[in-house]
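Coordinates in review
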Amino acid sequence: MTKIVVAVKYVPDATADRKFESDDTVDRENVDGLLSELDEYAVEQALQIVEEGEGEVTVLTVGPDDAADAVRKALQMGADAGVHVNDEAIAGSDAIATSLVLAKAIEKLEYDLVMFGMASTDGSMGIVPTLVAERLGLPAVTYGSEITVDGSTVTIRRDGDAASETVTAEGKVVVSVTDQTGEPRYPSFKGIMAAKKKPVDEWSLADLGVDAAQVGLDASGTQVESTAPRPPRTAGEIVTDEGDGGTKLAEFLASKKFI
Amino acid sequence: MSFELSAEHQAFRHAVRDFAEGEVAPHVAAWDKAHHFPVDVVQKMGEMGLFGLTAPEELGGSGGDFTSLCVAIEELGRVDQSIGITLEAGVGLGINPILTFGTPEQQERWLPDLVAGRRLAGFGLTEPGAGSDAGATRTRAVLDGDEWVVDGAKQFITNSGSEITSLVTVTARTGTDERGRPEISAIMVPAGTPGFTAEAPYDKLGWHISDTHPLTLQDVRVPADHLLGDRGRGYAQFLATLDDGRIAIAALAVGCVQACLDLCVEYAGQRTTFGKPIGAKQGVAFQVADLAVMAEVGRTMTYRAAAMKDAGAPVKELKQAASIAKLYTSEAAVTATRIATQVFGGYGFMEEYPVARFYRDAKILEIGEGTSEVQRMLIARGLGLPVE
């Protein structure tokens with residue numbers, strides 16, 4: 001019986017036109033959001049682990065009202081229960097503040113294994129799994145590309161550029177998984193209908209015993225100083241071949257330090 | 001009253017859209033060009049539960065409603081019409097006759113694999129000389145001891161010759177009734193039965209990815225218990241499933257119109273002529289607006305018909321709603337693809353742009369599951385007119 005908590009993030013759709021608010025936080029109101037695609041891999045791995053043996057998957061998110069959609073999507077994929085930590089005071093929290101909320105929520109749950117995606121598709125920092133592990137006093141194994149559970153032993157393969165290492169951990173552990181672990185499933189109609197009946201708890205900071213002053217934009221250890229949209233792409237340069245096309249191309253590439 | 005799909009149907013729409021855009025869209029142009037039937041993707045559709053949508057849970061299905069099936073067909077059809085028809089035919093013609101008329105033994109033998117999308121089944125009704133005029137059926141089946149011996153030919157049979165086809169149910173004359181009319185029965189013929197051949201696939205104008213074959217049956221022997229439903233009721237039983245099929249084809253046509261709309265909105269905003277996007281020109285923008293109207297009208301009438309089916313509406317009203325939806329949406333799809341290729345200009349005539357594929361695929365919508373003429377006849381009859 002493996003009890004798994006999968007922490008997931010509700011992010012602005014990466015394919016939509018994303019913007020920032022006047023306080024340099026991500027505009028989450030005017031863009032369609034979804035369960036971070038990288039977190040779907042963690043949900044998939046958790047589901048496969050409990051399908052192989054026995055267990056339960058609880059999906060946990062911290063975010064505004066709409067973040068309930070991320071929990072719902074994971075439940076539709078097959079997770080058993082959901083927890084949504086929703087408190088206005090959390091808005092603008094950086095990774096360190098978010099990790100406090102996540103850790104406090106995880107402490108309230110029964111678990112053997114905590115899983116994360118490798119990074120969010122909006123912040124892209126990839127440090128929250130380690131921060132949460134530190135707060136929980138647990139080992140962290142990040143960027144796993146294959147996860148197996150045998151009793152209380154978790155085996156994780158990490159693929160690096162030069163080598164693959166296989167790591168085992170005994171007892172509780174925090175794992176983040178890459179997008180090489182296997183394609184996440186699409187929710188079926190049956191899964192969507194079943195998700196309606198699955199329990200989702202909504203917790204506030206008070207429920208977790210977290211002081212509002214410890215989180216949010218002001219309490220964050222990092223501050224975004226400014227944001228600017230990337231300049232639009234400029235038109236390409238067309239090289240007209242007048243017998244010296246090759247030379248001109250080489251000169252262009254040399255000027256850009258490609259050759 | 002509400003005109004909205006339920007939250008669950010909308011979530012399911014998103015899921016199928018993600019599937020279609022993730023698993024089908026990247027490959028569809030190549031498959032279409034190669035006339036390739038992608039068995040692995042069809043089986044993935046099965047894993048997602050699409051073929052078992054409307055089958056009861058005890059048979060491995062999802063116990064979903066007909067509306068959910070229409071949502072799936074529309075969303076697949078928005079990316080590719082062939083994949084949409086593969087699902088429509090797999091459920092409507094492959095699974096439903098066995099689900100509706102099969103004995104428990106027949107259901108147990110055939111449905112688990114069909115519902116899971118591991119295998120496909122076809123329904124052979126149309127013949128070289130008989131389509132909607134089923135009385136002209138020439139394929140014959142004679143009971144010889146405890147075996148049916150089937151001889152004849154079928155044509156345009158979807159999902160009948162793929163490597164995962166497990167059976168085709170064929171209609172055949174099994175005698176003559178007391179009034180001298182042919183007695184038509186339905187007989188299940190497993191793939192691989194000696195004498196049963198799915199001939200080379202058709203060279204079609206569109207639906208290149210769909211598996212469609214002519215069939216020949218020569219001294220084909222199947223056990224007597226392969227009769228599906230009652231002897232002499234084969235055509236009547238098939239007719240009973242046609243209303244569903246018409247609504248499902250309407251959903252497929254709505255997917256086609258929506259695809260044209262989406263492609264045109266994107267293209268008209270990007271493509272510039274004389275220094276402005278072509279969407280700034282009324283000649284283009286107004287046509288795109290018309291596409292939005294067609295999609296909206298088509299979707300409303302299709303899902304109303306589907307909701308009537310799910311609510312168990314009286315047969316006469318359902319038939320009328322089904323024919324009206326099928327007629328309007330299929331003709332709208334042909335119009336929409338004509339508009340879309342025109343908006344794309346010269347590029348719309350190039351196979352590298354999806355609108356060209358939709359242009360080729362749309363025409364069959366006005367023909368399959370009862371032509372536009374048949375729909376008009378049925379609608380007129382529904383109004384009480386003595387039309388022939």
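Model, not experiment: these values are computed from the prediction. (Residues numbered from 1 in each chain as written. Chains lettered and ligands numbered in written order. Predicted model: local features only at pLDDT ≥ 70, side-chain atom pairs only at ≥ 80, totals over all residues. Heavy atoms only, no water.)

**Remarks on the overall build of chain A**
Applied cut-off: Per the convention used, a helix needs a DSSP run of H or I reaching at least four residues, while a strand needs a run of E reaching at least two, with both numbered from the N terminus. Using a 1.4 Å probe on the protein chains alone, a residue whose accessible area is under 20% of its type maximum counts as buried, one over 50% counts as exposed, and one in between counts as partly exposed. Whether two residues are in contact is decided by their heavy atoms: any pair within 4.5 Å suffices. Areas reported here follow the Shrake-Rupley algorithm with a probe of radius 1.4 Å; residue values treat only the protein chains shown as occluding.
When helices and strands are counted, chain A shows eight helices and eleven strands. Each of the three principal axes of chain A carries a C-alpha extent, and together these read 70 × 45 × 40 Å. A buried classification covers 42% of the 259 residues belonging to chain A. The long-range share in chain A, meaning contacts at least 24 apart out of those at least 6 apart in sequence, stands at 70%. By element, 48% of the accessible surface of chain A is carried by carbon and sulfur atoms, the whole surface being about 14100 Å².

**Digging into unusual backbone geometry**
Residue and element names in this part refer to chain B. If you check the backbone angles, Asn159 has positive phi at about 60° while not being a glycine. Mapped onto the elements, Asn159 comes out in the loop between β3 (147–158) and β4 (165–176). Positive phi values are uncommon outside glycine, yet Phe274 reaches one of about 50°. Within the secondary structure, Phe274 is located in the loop between β9 (272–273) and β10 (276–277). Classification of Phe274 by relative accessible area gives exposed; the value is 83%.

**Examining a negative patch on the surface**
All names here are of chain A. To be explicit about the condition: Each patch is built from residues lacking any salt bridge and having more than 30% relative accessible area; the joining distance is 9 Å for like charges and 5 Å for nonpolar side chains (Val, Leu, Ile, Met, Phe, Trp, Tyr). Just to be clear on terms, a salt bridge is a Lys or Arg side-chain nitrogen sitting within 4 Å of an Asp or Glu carboxyl oxygen. Residues scored as charged are limited to Lys and Arg (positive) and Asp and Glu (negative), so that His and the chain ends carry no count. All charge positions are set by atom: Lys at NZ, Arg at CZ, Asp at CG, Glu at CD.
A contiguous patch of negative charge on the surface is contributed by Glu21, Asp23, Glu29, Asp65, Asp66, Glu88 and Glu202. For Asp66, the location among the structural elements is in the loop between β4 (55–62) and α2 (68–77). Owing to a relative accessible area of 38%, Asp66 belongs among the partly exposed residues under this scheme.

**Description of the packing of aromatic side chains**
Residues and elements named next belong to chain B. This is how it is decided: For this analysis, a ring pair means two rings from Phe, Tyr or Trp (six-membered ring only for Trp) whose centres lie within 6.5 Å, classed as stacked if their planes differ by under 30 degrees, edge-to-face if by over 60, and tilted for the remaining angles.
A complete count under the given rule lists six aromatic pairs over all chains for this structure. Seen from their ring centres, Tyr267 and Phe344 are 4.0 Å apart, and the 10° between their planes marks the pair as stacked. Of this pair, Tyr267 sits in helix α7 (residues 234–270) while Phe344 sits in helix α9 (residues 315–344), and the two are 77 residues apart along the sequence. By relative accessible area, which is 10% here, Tyr267 ends up buried. Members of the aromatic cluster, each reached through a chain of ring pairs, are Tyr267, Phe344, Tyr347 and Tyr353.

**Here's the deal with the pattern of salt bridges**
Close approach of charged atoms lets side chains of opposite charge pair. Evaluation of the coordinates by the stated rule reveals 32 salt bridges over all chains. Between Glu242 of chain A and Lys248 of chain A there is a salt bridge whose closest N-O contact spans 4.0 Å. Since its relative accessible area comes to 29%, Lys248 of chain A is described here as partly exposed. Arg78 of chain B is paired through a salt bridge with Asp262 of chain B; the nearest N and O atoms lie 2.8 Å apart. One end of the pair, Arg78 of chain B, is in helix α4 (residues 66–79); the other, Asp262 of chain B, is in helix α7, with 184 residues separating them in the sequence.

**Things to note about the nonpolar core**
Definition in use: Among buried residues, those of type Ala, Val, Leu, Ile, Met, Phe, Trp, Tyr and Cys that are joined through side-chain atoms within 4.5 Å constitute a nonpolar core.
Counting residues in hydrophobic clusters, the biggest one holds 89 residues, and the most contacted among them are Phe12, Met45, Leu50, Leu76, Leu87 and Val343 of chain B. Of all the elements, α7 of chain B adds the most residues to this core, at 15 residues. When near neighbours in sequence (up to four residues on either side) are disregarded, Phe12 of chain B contacts Ser188, Phe189 and Ile192 of chain A together with Leu50, Leu53, Ser68, Val71 and Ala72 of chain B. With 32 residues, the next largest nonpolar core counts Val6, Tyr41, Val57 and Val141 of chain A among its residues.

**Some thoughts on helix α10 (residues 354–362) of chain B**
Residues that lie three or four places apart on an α-helix share one face, since the helix turns once every 3.6 residues. Residues and elements named next belong to chain B. Extensive coverage of α10 is indicated by the burial of seven of its nine residues. Taken residue by residue, α10 has Val355, Ala356, Arg357, Phe358, Arg360, Asp361 and Ala362 as its buried positions. Contact partners of the buried residues in α10: α2 (28–34), α4, α5 (81–101), α7 and α9.

**Topic: the interface of chain B and chain A**
Applicable threshold: Once two parts are put together, the accessible area they lose, assessed with a 1.4 Å probe and summed over both, is termed the buried area.
Across the contact, 17 residues belong to chain B and ten residues belong to chain A. At the boundary of chain B with chain A, total buried surface from both sides reaches about 1100 Å², with 68% on carbon and sulfur atoms. On inspection of chain B and its partner chain A, the count reaches one salt bridge. Note that Glu8 of chain B and Lys196 of chain A form a salt bridge whose closest N and O atoms lie 3.9 Å from each other.

**Observations concerning the side chain of Thr67 of chain B**
Short version of the rule: Pairing of N or O atoms within 3.5 Å defines a polar contact, subject to two protein rules: one partner must be a possible hydrogen donor and the other a possible acceptor, and residues neighboring in sequence count only if both atoms are side-chain atoms.
With respect to the secondary-structure elements, Thr67 of chain B resides in helix α4. A polar contact is formed between the side chain of Thr67 of chain B and the side chain of Asp310 of chain B, at a distance of 2.6 Å.

**Thoughts on the packing of helix α1 (residues 37–52) of chain A against α2 of chain A**
Helix-helix packing is characterised by the crossing angle of the two axes and by the distance between the axes. All names here are of chain A. Here is the rule we go by: To obtain an axis, a line is fitted to C-alpha atoms, over the contacting stretch when the element is a helix, and the angle between two such axes runs from 0 to 180 degrees between their N-to-C directions. Crossings are assigned a handedness: left-handed for a near helix turned anticlockwise from the far helix by less than a right angle, right-handed for a clockwise turn. By the convention adopted, Pro, Cys, Tyr, Trp, Phe, Met, Ile, Leu, Val and Ala count as nonpolar, Lys, Arg, Asp and Glu as charged, and the other residues, Gly among them, as polar.
It is at 10 Å that the axes of α1 and α2 come closest, and there the two elements cross at 35°. The way α1 lies across α2 gives a crossing that is right-handed. Contacts between α1 and α2 involve Glu40, Val43, Glu44 and Leu47 from the former and Lys73, Ala74 and Met77 from the latter. Of the residues contributing to the contact of α1 with α2, the split by class is four nonpolar, no polar and three charged.

**A short note on the sheet that holds strand β1 (residues 2–8) of chain A**
Residue and element names in this part refer to chain A. Going by this rule: Two strands form a pair only when DSSP identifies at least two bridges running between them.
Read across the open sheet, the nine strands follow the order β9-β8-β7-β10-β6-β1-β4-β5-β11; overall the sheet is mixed. Because the sheet does not close on itself, it has two edges, and the strands there are β9 (164–170) and β11 (200–203). Between one strand axis and the next, the sheet turns through 30° on average, direction left out of account. Its contacts with the sheet place α2 against β1, β4, β5 (81–85) and β11, and it is angled at close to 170° to β5.

**So, the side chain of Thr165 of chain B**
All names here are of chain B. Within the secondary structure, Thr165 is located in strand β4. What makes Thr165 buried here is its relative accessible area of 4%. Of the polar contacts made by the side chain of Thr165, one reaches the side chain of Ser162; its length is 2.8 Å. Excluding residues that lie within four positions of it along the chain, Thr165 makes contacts with Arg119, Leu120, Asn159, Ser160 and Ala191.

**Section: the packing of α5 of chain B against helix α6 (residues 104–115) of chain B**
Residue and element names in this part refer to chain B. As a reminder, the rule being used: When describing relative orientation, an angle under 35 degrees is termed roughly parallel and one over 145 degrees roughly antiparallel, while 65 to 115 degrees is termed roughly perpendicular and anything else oblique.
Packing of α5 against α6 leaves a shortest axis separation of 10 Å and a crossing angle of 150°. Considering the angle they form, α5 stands roughly antiparallel to α6. Seen along the crossing, α5 lies across α6 with a hand that is left-handed. Residues Gly94, Ile95, Ile98, Leu99 and Phe101 of α5 touch α6, and the partners they reach there are Gln106, Gln107, Trp110, Leu111, Leu114 and Val115. Per-class residue counts for the contact of α5 with α6 are eight nonpolar, three polar and no charged.

**Considerations on the confidence of the model for chain B**
As a reminder, the rule being used: Per-residue confidence from the prediction method is given by pLDDT, with values spanning 0 to 100.
Per-residue confidence for chain B averages 94 on the pLDDT scale, and 99% of its residues sit at or above 70. Under the prediction, the complex receives an ipTM of 0.85, its pTM being 0.89.

**Examining α5 of chain B**
All names here are of chain B. To keep it simple, the criterion reads: Multiply 1.5 Å by the residue count of a helix minus one, and that product is the helix's expected span. Note that the bend at a residue is defined as the angle between axes fitted to the seven residues ending at it and the seven residues starting at it.
Compared with an ideal rise of 1.5 Å per residue, which puts 21 residues at 30 Å, α5 spans 29 Å between its outermost C-alpha atoms and is within 8% of the ideal. At Ile95, α5 shows its strongest bend, of approximately 40°, with the proline Pro97 following within four residues. For α5, the capping residue at the N-terminal end is Asp80, with a side-chain oxygen 3.1 Å from the backbone nitrogen of Ser82.

**Focus on the pairing of β4 of chain B**
All names here are of chain B. Counting buried positions over the twelve residues of β4 gives nine, a clear majority of the element. Pairing geometry for strand β1 (residues 120–124) and β4, over five bridges, is parallel. Looking across to β4, one finds that Phe123 is bridged to Thr169. Relative to strand β5 (residues 182–190), β4 is paired through nine bridges, and the arrangement is antiparallel.

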